[in-house]
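Coordinates in review
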Amino acid sequence: MTVTDLAGLIEGTIVGPALADARDVRGGYASDLLSDVMANAQDGDAWITMQRHVNTVAVAQLKNLAAIVIVNGRQPEPDMTARAAEHEVAVVTTPLSAFEAAGRLFEAGIRGRRVS
Amino acid sequence: MHPAAVVQAAMAAGLDGVVICDHNAADNVAAAGRAARASGCVAMPGMEITTEEEVHLVALLPDEAAAGVLHARVAAALPGRNAPDTFGMQVIANEQAEVLGFNPSLLSAATSWSVDRAVGEIHRAGGLAVAAHIDRERFGMAGQLGFVPPGLPLDAVEVSAATAFDAGRRRYADPLRVPALTGSDAHSPSEIGRAVTFFHLDRAETAEVHRAIRAENGRTVLGGGRPMEDLAMHILDIAQNGVEAGATRVDIRVEEDADANELRIVVADNGRGMDADTRNRVIDPFFTTRQTRIVGLGLPLLRQAAEAAGGHLTVNSTPGSGTRVSAVFELGHLDRAPLGDLETTVLVLLASHPDVDLDWTHRRGDQEYSLSAADVRAALDGAPLASPEGLALVRNAVRLGEAGLAGPSRRATRSEDHR
């Protein structure tokens, strides 16, 4: 699934330059603790979060995530947007809650992996 | 926990000062300040702010006016109002413990400020921004944001009482080149004093503490520890007792022998010493010659710590020629108290008693390093030991020495990093 497909499923808007289709979304992870994402997210995951701090971009890069999905209609902070563009990290915003967004992606066949 | 109770608990713990940090509010700061002024302790204005990322930041504020300004700014950035039935009453009290009113905001909520914004707001109010309990997963910056955002102008980081101070300082503060502080994060009076920070100041007052954190005018942060727990704090306590008893020489040896599974701490001084009767009484928990204590709970608690870890405490003393305290522990015993930050022990001792001839040795396995106050004074060539240069020299010597010990029996100390 491309990031464009993902955005379509969750009424999402892709933030920044159109680099969304370069990456294949292979799984999903939802968490607002960045240390937890650093520990447990997997390569190619779409990461569902409330966080919009610039550090999210570094974490997404570190874990080679396919996209950051910011829920509840929250918009990324300007420095997050800038850093995401610079490092070609796809950011999608959605008016949906984390629960609803994860549910829609799950329905479309995106799975998470058991952590423990 | 009304303002006067906080001040009383701080005095009982032997503290010179406390920072009053309500969550997202500062309306108890003034009463605490008045209660403290009446009793000779310092209650410094502060606030613990929750950012929108759910990171806690401590604002250390220069005065009550600044606290009032930040209080109003935070109130405007908080969503919703308190529901006292659910979250409890948010009491504003005076120093007589009379209730003046209730804070209507939902103080347990997060502000709409990002971390960066909150640091900016704290600075605009003239305060210092400290990443609170940075080692904690929830509400600590490292857990909540993964790491400290590069370029965030923090003034200090606070290591919680859950982490050994030296481990926290090395991991979180040193890379940012800011001082590490520690504190009790007390939510009830009994917790006050469970972790303390030592400063080198002219006198105990807010402005001096701020200077120390900014490393201005020769003021500096010496270190921190957990007085009830860390052996480093016990060592400091015993050595200070010796100096109070007129000692001009204090020899301290800390020996970790992994092969023999033994930790041995020896503190020997040439102070007044004690007769046999007094010697027997000092290891009795109901005896003290002092009214307040600054660190540690004295020999009874150290004895208990040694015995809990399969060891023992020996006190030899001769009136007129000094006292020798020796505590032995099973190094790898599950209940062995953590060593804590020995750098703090040496720095606080030399900063408070620069004329004492301290001889310090730390041995681990077959490696050891030593530091003698006489050598430091000689290297300083007349400059005072309790000066920024003198203390920096001591600090660097201890750090170098400790780094050199990170050898074979490292395994024995790793469990101290996080309990």
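See above for the structure.
Quantities reported herein were computed from a predicted structural model and do not represent experimental measurements.

So, the overall build of chain B
- Helices and strands together make up the secondary structure of chain B, namely 15 helices and 16 strands.
- Each of the three principal axes of chain B carries a C-alpha extent, and together these read 65 × 45 × 45 Å.
- Relative to its full complement of 419 residues, chain B shows a buried share of 50%.
- For chain B, long-range pairs separated by at least 24 residues make up 67% of all intrachain contacts whose partners lie at least 6 apart in sequence.

Points about the interface of chain A and chain B
- Counting residues at the interface gives ten residues for chain A and eleven residues for chain B.
- Elements with a contribution of two residues or more to the side of chain A that touches chain B: helix H2 (34–40) and helix H3 (55–62) of chain A.
- For the side of chain A that touches chain B, the element with the highest residue contribution is H2 of chain A, accounting for three residues.
- Looking at the side of chain A that touches chain B residue by residue, the classes come out as five nonpolar, four polar and one charged.

Considerations on helix H5 (residues 98–107) of chain A
Residue and element names in this part refer to chain A.
- Of all the positions in H5, only Ala-101, Ala-102 and Leu-105 are classed as buried. End-on, the buried residues of H5 take up no more than an arc of 95 degrees, which puts them together on one face. In H5, the exposed residues that point more than 90 degrees away from the buried face are Phe-99, Phe-106 and Glu-107.
- Against the buried residues of H5 lie helix H1 (3–9), strand E2 (27–30), strand E3 (45–49) and strand E4 (67–70).

Quick word on the sheet that holds strand E5 (residues 91–93) of chain A
Residues and elements named next belong to chain A.
- What the five strands build is an open sheet, ordered E1-E5-E4-E3-E2; its pairing is mixed. On the outer flanks of this sheet lie strand E1 (13–15) and E2, each paired with one strand and no other. Ignoring which end each strand starts from, the neighbouring axes of this sheet average 25 degrees apart.

Observations regarding the nonpolar core
- Counting 159 residues, the largest nonpolar core has Ala-67 and Val-69 of chain A together with Leu-57, Val-130 and Val-157 of chain B as the members making the most contacts within it.
- Of the residues that make up this core, three or more belong to each of domain 1 (3–224) and domain 2 (231–414) of chain B.
- Excluding residues that lie within four positions of it along the chain, Ala-67 of chain A makes contacts with Val-3, Leu-6, Arg-23, Val-25, Ala-46, Ala-90, Val-91 and Val-92 of chain A.

Observations concerning unusual backbone geometry
Residue and element names in this part refer to chain B.
- Positive phi, normally seen in glycine, also occurs at Asn-24, with a value near 55 degrees.
- In this structure, Asp-381 takes a positive phi of about 55 degrees despite not being glycine.
- In this fold, Asp-381 is placed in the loop between helix H13 (373–380) and helix H14 (388–405).

Details of the environment of Asp-237 of chain B
Residue and element names in this part refer to chain B.
- Here Asp-237 shows up in helix H9 (residues 231–244).
- When the 22 C-beta atoms within 10 Å are taken as the criterion, Asp-237 is described as buried.
- Taking the C-alpha atoms as reference points, Asp-237 and Leu-349, 112 residues apart in sequence, are found 9.3 Å from one another.

Quick word on the packing of helix H1 (residues 3–12) of chain B against helix H2 (residues 29–39) of chain B
Residues and elements named next belong to chain B.
- At a closest axis distance of 8 Å, the pairing of H1 and H2 adopts a crossing angle of 40 degrees. Judged on the interaxial angle alone, H2 and H1 are oblique. When the axes of H1 and H2 are compared, the crossing they make is right-handed. Counted together, Pro-3, Ala-4, Val-6, Val-7 and Met-11 of H1 and Ala-31, Ala-32, Ala-35, Ala-36 and Ser-39 of H2 form the full contact between these two elements.

Overview of the packing of H9 of chain B against helix H12 (residues 342–352) of chain B
Residues and elements named next belong to chain B.
- One can describe the packing of H9 onto H12 by two numbers: an axis separation of 8 Å at closest approach and a directional angle of 20 degrees. Taken together, the axes of H9 and H12 lie roughly parallel to each other. Note that H9 runs across H12; the crossing there is right-handed. Residue-level contacts link Ala-232, Ile-235, Leu-236 and Ala-239 of H9 to Leu-342, Thr-344, Thr-345, Val-348 and Leu-349 of H12.
- Of the residues that constitute the contact of H9 with H12, the class distribution is seven nonpolar, two polar and no charged.

Here we look at the pairing of E2 of chain A
All names here are of chain A.
- For E2 and E3, the ladder comprises four bridges, and the chain directions are parallel. From the neighbouring strand, Tyr-29 faces E3, where its bridge partner is Trp-47.
- For the crossover from E2 across H2 to E3, the handedness is right-handed.

Conventions and cut-offs
Residues numbered from 1 in each chain as written. Chains lettered and ligands numbered in written order. Predicted model: local features only at pLDDT ≥ 70, side-chain atom pairs only at ≥ 80, totals over all residues. Helix = DSSP H or I, 4+ residues; strand = E, 2+ residues; numbered from the N terminus. Buried ≥ 20, exposed ≤ 12 C-beta atoms within 10 Å, placed from the backbone. Contact = placed C-beta atoms within 7 Å. Nonpolar A, V, L, I, M, F, W, Y, C, P; charged D, E, K, R; others polar. Arc of directions from axis to C-beta. Pairing = 2+ DSSP bridges. Axes fitted to C-alpha atoms, helices over the stretch in contact; angles between N-to-C directions. Core = buried A, V, L, I, M, F, W, Y, C linked by C-beta atoms within 7 Å. Domains from an automatic or database assignment. Parallel < 35°, antiparallel > 145°, perpendicular 65-115°, else oblique. Left-handed = near helix turned anticlockwise from the far one by under 90°. Right-handed = clockwise from strand over helix to strand, strands pointing away.

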